[in-house]
Amino acid sequence: KNEVEQSPQNLTAQEGEFITINCSYSVGISALHWLQQHPGGGIVSLFMLSSGKKKHGRLIATINIQEKHSSLHITASHPRDSAVYICAVQETSGSRLTFGEGTQLTVNP
Amino acid sequence: DTEVTQTPKHLVMGMTNKKSLKCEQHMGHRAMYWYKQKAKKPPELMFVYSYEKLSINESVPSRFSPECPNSSLLNLHLHALQPEDSALYLCASSRYPGGYNEQFFGPGTRLTVL
């Protein structure tokens, strides 16, 4: 079992739909990261969380430390949101990130 | 300046070649990372430098040799690579290693080994 599990693996939505991507982890963490990667491209950090909720534009990230679960929400999705979204956790011990397998999001016009 | 730069963007090399990848940041970050990413997979950590010293080597083959000449620069020297080493190589940096520190990623170098 992976230490970081993401669901779904693939997600197709129509423009304007509300999207949720989930991340569960099994280790103690100091931070959880949501990352975005467009095809052939580098990785952009969307959020870093240790508790509660953060919002940036149409993106919202939440984390429940007790349940070891985080969600990334996209409101009013747009085709430019099409990308791979990766959940990664910073374990309390050490300096490495542990990555989930990623969620491929496709938003159709 | 809030970005991590990587050169070259693309590199094609033969198995007998020696080449180097370069990564640079001017954010004053004291931790720098090399990752390898294969298609449709998440990044895999290769090396971590903390305060210019190698702190993590994830059992990477010796044909990959990292170097941190100063706090802003990170190199990855490549020698006698195999075709299976073809991948996207990502560099990242963070203010400090570990803890509650955001990692900033570069755009990557797409490496093809013939």
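Above this text sits the structure in question.
Note that the coordinates shown come from a computational prediction; the quantities given were computed from them, not determined experimentally.

Parameters and conventions
- Residues numbered from 1 in each chain as written.
- Chains lettered and ligands numbered in written order.
- Predicted model: local features only at pLDDT ≥ 70, side-chain atom pairs only at ≥ 80, totals over all residues.
- Heavy atoms only, no water.
- Helix = DSSP H or I, 4+ residues; strand = E, 2+ residues; numbered from the N terminus.
- Buried < 20%, exposed > 50% of the residue type's maximum accessible area, 1.4 Å probe, protein only.
- Contact = heavy atoms within 4.5 Å.
- Areas by Shrake-Rupley, 256 points an atom, 1.4 Å probe, with all protein chains shown as cover.
- Lys, Arg positive; Asp, Glu negative; His and termini not counted.
- Charge placed at Lys NZ, Arg CZ, Asp CG, Glu CD.
- Pairing = 2+ DSSP bridges.
- Disulfide = S-S within 2.5 Å.
- Salt bridge = Lys/Arg side-chain N within 4 Å of Asp/Glu carboxyl O.
- Polar contact = N/O pair within 3.5 Å; in protein donor to acceptor, adjacent residues only side chain to side chain.
- Axes fitted to C-alpha atoms, helices over the stretch in contact; angles between N-to-C directions.

**Q** What is the right way to read the overall build of chain B from this model?
**A** The number of helices and strands found in chain B is zero helices and 11 strands. Counting only C-alpha atoms, chain B reaches 40 × 25 × 25 Å along its principal axes. Taking all 114 residues of chain B together, the buried fraction comes to 47%. When contacts within chain B are restricted to residue pairs at least 6 apart in sequence, long-range pairs at least 24 apart make up 55% of them. Summed over its atoms, the accessible surface of chain B is roughly 5,500 Å², and 50% of this surface lies on carbon and sulfur atoms. Side-chain charges in chain B split into 13 positive and 10 negative, and the spacing between the mean points of these groups amounts to 5 Å.

**Q** Teacher, can you tell me more about the pairing of strand 9 (residues 87-94) of chain B here?
**A** The side chains of a regular strand alternate between the sheet's two faces. Residue and element names in this part refer to chain B. Of all eight residues in strand 9, eight are buried, a share of seventy percent or more. Sheet topology places strand 4 (residues 31-37) next to strand 9; seven bridges connect them, and they run antiparallel. Looking at the pairing, W34 lines up with C91 of strand 9. Bridge count between strand 9 and strand 11 (residues 109-113): three bridges; the pairing is antiparallel. Bridge pairing in strand 11 links Y89 to T109. Pairing geometry for strand 9 and strand 10 (residues 104-105), over two bridges, is antiparallel. When the sheet's bridge partners are listed, S93 is paired in strand 10 with F104.

**Q** Is there a simple way to explain the state of the cysteines in this structure?
**A** Formally, a disulfide is one covalent bond, and it connects the sulfur atom of one cysteine to the sulfur atom of another. Residue and element names in this part refer to chain A. Counted under the stated rule, the structure contains two disulfides over all chains. With a sulfur-sulfur separation of 2.0 Å, C23 is cross-linked through a disulfide to C87. Between C23 and C87 the disulfide shows an S-S torsion of about -65 degrees. By sign, it is left-handed. Taken together, the residues C23 in strand 3 (residues 19-25) and C87 in strand 9 (residues 83-91) connect sequence positions 64 residues apart. Like C87, C23 is buried.

**Q** Could you clarify how one ought to interpret the interface of chain A and chain B in this entry?
**A** Quite often, the size of an interface is put as the accessible area lost when its parts meet. Each partner contributes to the interface: chain A provides 23 residues, whereas chain B provides 23 residues. Across the chain A-chain B interface, the total number found is two salt bridges. For the salt bridge of K41 of chain B with E101 of chain A, the shortest nitrogen-to-oxygen distance reads 3.8 Å. Applying the counting rule to chain A against chain B returns six residue pairs in polar contact (both at pLDDT 80 or more).

**Q** Would you explain unusual backbone geometry in this entry?
**A** Along the chain, S7 of chain A connects to P8 of chain A via a cis peptide bond; the corresponding omega equals -5 degrees. In the Ramachandran plot, A76 of chain A falls in the positive-phi region, its phi being about 50 degrees despite a non-glycine side chain. Inspection of the secondary structure assignment puts A76 of chain A in the loop between strand 8 (69-74) and strand 9. By relative accessible area, which is 44% here, A76 of chain A ends up partly exposed. Backbone geometry places Y51 of chain B, a non-glycine residue, at a positive phi of 50 degrees. Relative to the elements of secondary structure, Y51 of chain B occurs in the loop between strand 5 (44-50) and strand 6 (53-57). For Y51 of chain B, a relative accessible area of 40% translates into the label partly exposed.

**Q** It is not clear to me how the sheet that holds strand 3 (residues 18-25) of chain B should be interpreted in this structure. Could you clarify?
**A** What links the strands of a sheet is backbone hydrogen bonding, and the strands pair in either a parallel or an antiparallel sense. Residues and elements named next belong to chain B. Pairing in this open sheet of four strands is antiparallel, and the strands run 1-3-8-7 from one edge to the other. The sheet terminates laterally at strand 1 (4-7) and strand 7 (64-70), the two strands that pair on one side only. Taking the axes of each pair of neighbouring strands and ignoring which way they run, one obtains an average angle of 20 degrees across the sheet. Pairing of strand 3 with strand 8 (residues 73-79) involves seven bridges; the strand directions are antiparallel. Residue pairing across strands places L21 opposite L76, the latter belonging to strand 8.

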